[in-house]
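Chain by chain, the residues run as shown.
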Amino acid sequence: MDERGAHHVQSLERGLAVIKAFSAGAQELTLSDVARVTGLTRAAARRFLLTLVDLGYVRTDGKYFSLTARVLELGYAFLSGMTLPEVAQPHLERLSAEVHESCSVSVLEGADIVYVARVAVSRIMTVTISVGTRFPAHATSMGHVLLAGLDDDGLAKYLEQAELDRLTAHTLTSPAQLRDELAKVREQGWALVDQELEEGLRSVAAPVRDRTGAVVAAMNVSTHASRTTRESVRDEMLPPLLAAAKRIEDDLAVAPAQARRG
């Protein structure tokens, strides 16, 4: 039996249930629809719907009811005060629990990526990675995603200033090779880097875009090459990574202020 505390306000619970009855697949509902979905009587559903109409959260043509954009206010004040790391962290935790690997979010700063959020399940590099850690963008999956998001002028400026140091035998050090790889990343929408930063480290990254479509961050899953193949990373880790990045983008679309690193 579901026990409620003495503080529980049933009318608030029912009002929220009415709002949640609407979804992408049910944007317009009749009074009977709402009553059926929520388990309320028609009379109760009608009172809640008309109250929401009065408050501006629901509109009606007399038969069908639908939510208005004003419902975004319910979460906007909270979300708009959050920084990108705060928005990303729960999505990182969910992704890490799903793939059982370390996951991170970073932004581009000069020629480096800077970690702004991370969930680590094991240590797979010789150095400890934490928020604030920097790595050269040209040798990382998140760096490739972020560089691929630059316009032509931005990428040209990066290539003029960056030192494409060889960190392993696999590192791309030729501007022409890097340009070709970034074109591929831009077209496919993700980047897989195989032991370019450190031997044994394999990672895949996806862009995180703001509501305008600009790449504001990158999100990755990293693993040790002894545990995975390029194919398993692409087939098993990329789909949940892309889904997680999309969820972050959905949050950013509600509150553009979140795009700041904070």
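Refer to the structure presented above.
Since the model is a prediction, treat every value here as computed from it, not as a measurement.

## A short note on helix α8 (residues 175-188)
A turn of α-helix holds 3.6 residues, and therefore any two residues three or four places apart point the same way.
Part 1 of the argument: In this model, α8 (14 residues) spans 20 Å end to end at C-alpha, consistent with the 20 Å of a helix rising 1.5 Å per residue.
Part 2 of the argument: Residues of α8 that are buried include every one of L178, E181, L182 and V185, and no others. With its buried residues spanning 100 degrees around the axis, α8 presents them on a single face. Among the exposed residues of α8, those pointing more than 90 degrees away from its buried face are D180 and E187.
Part 3 of the argument: Those residues of α8 that are buried lie in contact with α6 (141-148), α7 (152-161) and β7 (191-194).
Part 4 of the argument: G189 sits one or two positions beyond α8 and adopts a positive phi of about 85 degrees.

## Thoughts on unusual backbone geometry
Part 1 of the argument: You will see that H100, though not glycine, has its phi angle at about 60 degrees, which is positive.
Part 2 of the argument: Mapped onto the fold, H100 is located in the loop between α5 (84-99) and β4 (102-109).
Part 3 of the argument: The residue Q195 is not glycine, and still its phi comes out positive at about 60 degrees.
Part 4 of the argument: The topology assignment puts Q195 in the loop between β7 and β8 (201-209).
Part 5 of the argument: Overall, Q195 belongs to the buried group, its relative accessible area being 15%.

## Things to note about empty space enclosed by the protein
Part 1 of the argument: Counting across every chain of the model gives one cavity of 30 Å³ or more.
Part 2 of the argument: There is about 130 Å³ of room inside the largest cavity.
Part 3 of the argument: Along its surface, the largest cavity is lined by 16 residues, and Y115, L197, L201, S203 and N220 are the ones closest to its centre.
Part 4 of the argument: Looking at the lining of the largest cavity, the elements that each hand over two or more residues are β5 (112-119), α6, β8 and β9 (215-224).
Part 5 of the argument: Considered class by class, the residues forming the lining of the largest cavity number nine nonpolar, six polar and one charged.

## Observations regarding the layout of surface pockets
Part 1 of the argument: There is about 180 Å³ of room inside the largest pocket.
Part 2 of the argument: What lines the largest pocket is E181, K184, Q188, W190, A191, L192, D194, E196, R230 and R234.
Part 3 of the argument: Sorting the residues of the lining of the largest pocket by element identifies α8, β7 and α9 (230-254) as the ones contributing at least two each.
Part 4 of the argument: Classifying every residue of the lining of the largest pocket gives three nonpolar, one polar and six charged.
Part 5 of the argument: Taken as a whole, the second largest pocket holds about 160 Å³ of empty space.
Part 6 of the argument: Lining the second largest pocket are S11, L12, G15, L16, I19, F48, T51, L52, L55, Y57 and L74.
Part 7 of the argument: Of all elements in the fold, only α1 (10-20) and α3 (42-55) reach the threshold of two or more residues within the lining of the second largest pocket.
Part 8 of the argument: In terms of residue count, α1 provides more of the lining of the second largest pocket than any other element does, five residues in total.
Part 9 of the argument: Residue composition of the lining of the second largest pocket, by class: eight nonpolar, three polar and no charged.

What counts and how
Residues numbered from 1 in each chain as written. Predicted model: local features only at pLDDT ≥ 70, side-chain atom pairs only at ≥ 80, totals over all residues. Heavy atoms only, no water. Helix = DSSP H or I, 4+ residues; strand = E, 2+ residues; numbered from the N terminus. Expected span 1.5 Å × (residues − 1). Buried < 20%, exposed > 50% of the residue type's maximum accessible area, 1.4 Å probe, protein only. Arc of directions from axis to C-beta. Contact = heavy atoms within 4.5 Å. 1 Å grid on protein atoms, 1.4 Å probe; cavity = no way out; pocket = protein on both sides within 12 Å on 5 of 7 lines; lining within 4 Å. Points joined across faces, edges and corners; volume = space filled by probe spheres on them. Nonpolar A, V, L, I, M, F, W, Y, C, P; charged D, E, K, R; others polar.

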